[in-house]
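# Commentary on secondary and tertiary structure
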Amino acid sequence: MSSPIIVAVDFADVKSAWNFIDRVDPKDCRLKIGKELFTHAGPEFIKQIMNKGFEIFLDLKFHDIPNTVAKAVAVAADLGVWMTNVHASGGIRMMEAAKDALYPYGKDAPLLIAVTVLTSMEAADLKDIGINVSPLEQATKLAILAKNCGLDGVVCSAKEVQSFRTRLGSNFKLVTPGIRPLGSGPDDQRRIMTPQRAQAAGSDYLVIGRPITKAEDPAKALQSILSTLDLSKS
Ligand SMILES: O=C(O)c1cc(=O)[nH]c(=O)n1[C@@H]1O[C@H](COP(=O)(O)O)[C@@H](O)[C@H]1O
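Just so you know, these numbers come straight off a predicted model, no measurement behind them.

Per the UniProt entry, the sites bearing "domain: Orotidine 5'-phosphate decarboxylase" (unreviewed entry) are residues 4-225 in this numbering. Overall, residues 4-225 shows 44% helix and 16% strand. The separation of its end C-alpha atoms is 11 Å.

Written out as structure tokens, the structure is:
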């Protein structure tokens with residue numbers, strides 16, 4: 001697998017999702033199933049996509065008491081997904097419980113990553129919820145906690161990648177949504193970057209949704225973004 005792209009399969013229904021998935025090769029991208037499609041279609045749908053050879057990022061951003069999150073993460077591992085995530089702001093005990101729950105799965109455990117500061121948030125949004133530091137400062141604090149808890153990486157903005165790479169090392173996975181090719185509007189995203197710049201900054205995985213899923217021809221949109229990336233890198 002040389003593609004760094006994870007497509008956010010945020011379609012409203014299974015038929016539209018299959019229209020896209022059936023036209024894509026697993027070597028061109030991994031697929032992220034998030035709250036919308038998971039709530040609609042559930043684990044059976046994920047099993048069907050995995051049977052087609054796709055690696056799945058189950059993005060349910062668990063954020064709850066440690067016991068609840070640990071149990072949920074173990075169910076994700078039973079499902080056999082490649083990656084899953086929790087909110088770092090759930091705290092150290094929650095992240096440690098999630099990591100411990102994956103211990104019995106050994107090398108078959110999914111990658112466990114923590115969301116730092118959502119890419120839809122900027123300084124003013126943090127201020128609204130009582131956090132009076134910049135997104136970079138807050139994301140850095142949470143990324144260090146996630147690493148200390150033994151997690152495999154974080155979800156962050158590509159704007160934070162250069163700094164995180166230096167502080168957190170080359171093996172810590174940096175997964176970046178908020179990716180917008182030139183000419184695509186930001187939608188609700190605030191800390192955005194183009195695919196090429198995110199890759200050049202050192203992002204491991206680029207999570208891309210609407211620039212692909214809302215395109216007239218999603219499979220073609222994916223190929224067009226891929227053609228701008230260096231596929232020998234990942
Ligand atoms: O965990 C995520 O995947 C995530 C974290 C984050 O900070 N920002 C973010 O946009 N995401 C997800 O990444 C996808 C981005 O989609 P687009 O904005 O349509 O490209 C969505 O499915 C979001 O749920």
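For helix 10 (residues 218-226), the full list of buried residues reads Pro 218, Ala 221, Leu 222 and Ile 225. Looking down the long axis of helix 10, one finds its buried residues gathered within 100° of arc, a one-sided arrangement. At its buried positions, helix 10 is contacted by strand 1 (5-8), helix 1 (14-21), helix 8 (195-201), strand 8 (205-208) and helix 9 (210-213).

With five of seven residues buried, strand 3 (residues 56-62) is to be regarded as a mostly interior element. In this region the chain leaves strand 2 (residues 30-33), passes through helix 2 (residues 35-51) and returns to the parallel neighbour strand 3; the handedness of that crossover is right-handed. Of the strand pairs in this sheet, strand 3 and strand 4 (residues 83-87) are connected by three bridges, and their pairing is parallel. Looking at the pairing, Leu 58 lines up with Thr 84 of strand 4. With helix 3 (residues 66-79) bridging strand 3 and the parallel strand 4, this β-α-β connection has right-handed handedness.

A positive phi angle is found at Lys 61, which is not glycine, with a value near 40°. Mapped onto the elements, Lys 61 comes out in strand 3. Backbone geometry places Asp 187, a non-glycine residue, at a positive phi of 50°. Its location among the elements puts Asp 187 in the loop between strand 7 (173-176) and helix 8.

Thresholds applied
- Residues numbered from 1 in each chain as written.
- Predicted model: local features only at pLDDT ≥ 70, side-chain atom pairs only at ≥ 80, totals over all residues.
- UniProt positions renumbered as here; feature names shortened; annotations may be inferred.
- Helix = DSSP H or I, 4+ residues; strand = E, 2+ residues; numbered from the N terminus.
- Buried ≥ 20, exposed ≤ 12 C-beta atoms within 10 Å, placed from the backbone.
- Arc of directions from axis to C-beta.
- Contact = placed C-beta atoms within 7 Å.
- Right-handed = clockwise from strand over helix to strand, strands pointing away.
- Pairing = 2+ DSSP bridges.

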